Amino acid sequence: MVKISRYFLVIAGILAFAVVLPELYWMAFAKPVNRPFVMYSCVENDFLFQRTENGESIRKDTRGNTYSREEFEQRLPLMYTRQLLISKTMPDSINGIELDMHLININNSTFRLRPVDTDSPKPGLYPLFESQSGRANLELPDDFFRITWRMEFVDAETNRVLEDKSRMFSAVLYKRGFQFPAKSINGLPTTRKSCDEGYLVVDAANQLFHIKMKKGEPFVKKVDLPDGLKFKHISCVDFRNKNFYAYLFSDENHLYILTQDDYELVELPVGEMNPEECEIQIFGDLFHYHVIARGEDFFRVVALDASYQKVDEYTETWPGRMERKEGKIFQAVFPGQISLTNPKSAFVNFYVLVNPSFYWVLVSLILVAAQLVIVRKRKIPFKNQWVDLCLIAVSGIFGIFAVNIFPNK
C-alpha cells in the first residue's frame, strides 16, 4: 500500500514539474521577436517600416531610404493626422482628393482578431435590439433570445418564454428556409455602437441569414452563398462609413466581407488568413485597407485599395521559437510541456505539447545513469528501483526530480 501511494505521489510530481519547469524556463530564457510596424504610404506608394534596433527607432521603406520621425509621419498622413494638424504639416489633398477631418474620420477603421477570440465561451442568450426605435441611444431589451429548435425569446426578469414573440420570429425564419438549430450567432451585443444591425446567423445547413428587429417586427434576409462555402468565424463590425456588415473567414481560410444593404459577398485578395493560428489586424483609411497577419514566425501585410483590389504585399519571416537557440535547448532538456492555458484558447484545460525532437531521450538516458549512481550510493537493492528508472527514462528531468523528492525507501 505504501508503494502504491508513493507512485501516485511520484506521478503527480511528474505532472506538476511538467507544468512548472518549462514555464520557468521560458520566463527566464524566451526572447521577444522584434516585429516591425509596417504600413502602406499613400504618399510614397510604398511600404514604410519602423522597428527598434540597438535601442533606436529605425524608419525605412522597401527601397532602403531612411526617414526621420517627422518625415515618417508626413508620409503616413492618415495614420498621424492629429500630429500633422498640430505641427501644421497636414496636406490639403492627396492623389487629387481634398482632405477634411470628417472625410478622414468616416473612413478610418480598426479591426483586430486574435486566435483566443475564436475559441472562447459563447453566450447562450443574446439581446435583440430595436433597430428603428427613434431614440438617439440604444437601450437593452427586457428579453434575450436563443436559436435551438426555434427562435425563442426569454424574459430576463421572470425567465418566462415569450410565446407570441417566439412564434412570430420562428415563423419568418421558417418561411425564409432557415434550418434549426443555429450553428453560430454573430453580432455586437452591446449598446456601445452607432446603430443596431442585428445578427448574422449560420443555420444547421451552413446557410447565412441576417436577422434583426424593425419596429417590433422580424427582419430576416437570406444571403446567397456559393455552393460549398462555409464560414468558421464571422466578426461583425460597426464602422462609420457603413460599407459592410462583417468580416467572414471561410473554412479554407479565405477572407470575405458582406456589403451593407445589397448583401454582396466579396472575397478580399489577401491569400490565406487563419484566425485560429495567427492574429489578424485590418486598418482602413480613405485610400487603403491594410490586412495584417501576425504569426509566431512570420509577419505579412497586404495593402488593398478602396475598391478592395490588391495593391502590394510584404512578408517577413524568422525562426520559430523551437528553431531558435533557446528552443533547441528546450527540446534537449524537456520531453514536453503541460499547460493549463493556451494563448490560442480562452478555455482552461490540460494542453500537452509533445517535444518534436528526440534529443531529450539522450538526456533521459543520462539521467537514468545518474539515478543508478544515486541508488548505489544509498545502497538500495536495484530490484526495488526498476519502476523509478522506467519513469525517468520516459519523463526525463521531470521524473528524476519526482522520484527523489518522494524517495523509494
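Residues numbered from 1 in each chain as written. Predicted model: local features only at pLDDT ≥ 70, side-chain atom pairs only at ≥ 80, totals over all residues. Heavy atoms only, no water.

## Some details on the confidence of the model for the protein
Looking at the protein, pLDDT values average 92 and 99% of them are 70 or higher. Model confidence for the protein, summarised as mean pLDDT per element, is weakest for helix α8 (residues 359-378) at 87 and strongest for strand β11 (residues 199-203) at 98. (pLDDT = per-residue confidence, 0-100. Helix = DSSP H or I, 4+ residues; strand = E, 2+ residues; numbered from the N terminus.)

## A word on the nonpolar core
Most often, soluble globular proteins keep nonpolar side chains buried together rather than apart. With 22 residues, the main nonpolar core has Phe244, Tyr247, Leu255, Leu268, Val270 and Ile282 as its most contacted residues. Elements with a minimum of two residues in this core: β6 (109-113), β15 (244-250), β16 (255-259), β18 (279-284), β19 (288-294) and β20 (298-305). Residues within four places of Leu255 in sequence aside, it is in contact with Tyr247, Leu248, Phe249, Val266, Glu267, Leu268, Val270, Ile282 and Val291. Counting residues in hydrophobic clusters, the runner-up holds 20 residues, among them Phe17, Val368, Ile397 and Ala402. (Core = buried A, V, L, I, M, F, W, Y, C linked by side-chain atoms within 4.5 Å. Buried < 20%, exposed > 50% of the residue type's maximum accessible area, 1.4 Å probe, protein only. Contact = heavy atoms within 4.5 Å.)

## What about the packing of aromatic side chains?
On inspection of all chains with the given rule, the structure shows 28 aromatic pairs. Aromatic side chains Tyr25 and Trp26 sit 5.3 Å apart centroid to centroid with 75 degrees between the ring planes, which places their arrangement in the edge-to-face category. Each member of the pair, Tyr25 together with Trp26, is buried. When the centroid spacing of 6.3 Å and the interplanar angle of 65 degrees are considered together, the rings of Phe72 and Tyr80 count as edge-to-face. Classification of Tyr80 as partly exposed rests on a relative accessible area of 21%. Taken together through their ring pairs, the aromatic side chains of Tyr25, Trp26, Phe29, Phe330, Phe334 and Phe398 make up a single cluster. Here the guanidinium or amino end of Lys212 rests over the ring plane of Phe219, the centre of that ring lying 5.3 Å away. Arg321 extends its terminal NZ or CZ atom over the ring of Trp26, reaching a point 4.0 Å from the ring centre. (Phe/Tyr/Trp six-rings, centres within 6.5 Å; stacked < 30°, edge-to-face > 60°. Lys NZ or Arg CZ within 6 Å of the ring centre and 35° of its normal.)

## Notes on the pattern of salt bridges
Summed over the entire model, instances satisfying the criterion amount to 23 salt bridges. Among the ionic pairs, Arg300 bridges to Glu313, the shortest N-O distance being 3.5 Å. With a gap of 13 residues between them, Arg300 in strand β20 and Glu313 in strand β21 (residues 310-317) connect regions that are remote in the sequence. Here the salt bridges share partners, and the residues they tie into one network are Arg146, Arg150, Glu152, Glu163, Asp164 and Arg167. (Salt bridge = Lys/Arg side-chain N within 4 Å of Asp/Glu carboxyl O.)

## Some points on helix α9 (residues 386-395)
When α9 is considered as a whole, its buried residues turn out to be Asp388, Leu389, Ile392 and Ser395. Around the axis of α9, the buried residues are gathered within 150 degrees of arc, so they sit on the same side. Residues of α9 that are exposed and point over 90 degrees away from its buried face: Trp386 and Val394. Gly396, located one to two residues past α9, shows a positive phi value of around 60 degrees. (Arc of directions from axis to C-beta.)

## A look at the sheet that holds strand β10 (residues 182-187)
Here four strands make up an open sheet; going across it, the order is β10-β11-β12-β13 and the pairing antiparallel. Here the strands that pair on one side only, and so sit at the sheet edges, are β10 and β13 (217-223). Shown here is a sheet whose adjacent strand axes are inclined to one another by a mean of 25 degrees, direction ignored. Alignment of strand β12 (residues 208-214) against β13, held across seven bridges, turns out to be antiparallel. Residue pairing in the sheet places Phe209 in a bridge with Lys222 of β13. Together, β12 and β13 form the strand contacts of helix α6 (residues 163-175), whose direction differs from that of β13 by roughly 25 degrees. (Pairing = 2+ DSSP bridges. Axes fitted to C-alpha atoms, helices over the stretch in contact; angles between N-to-C directions.)

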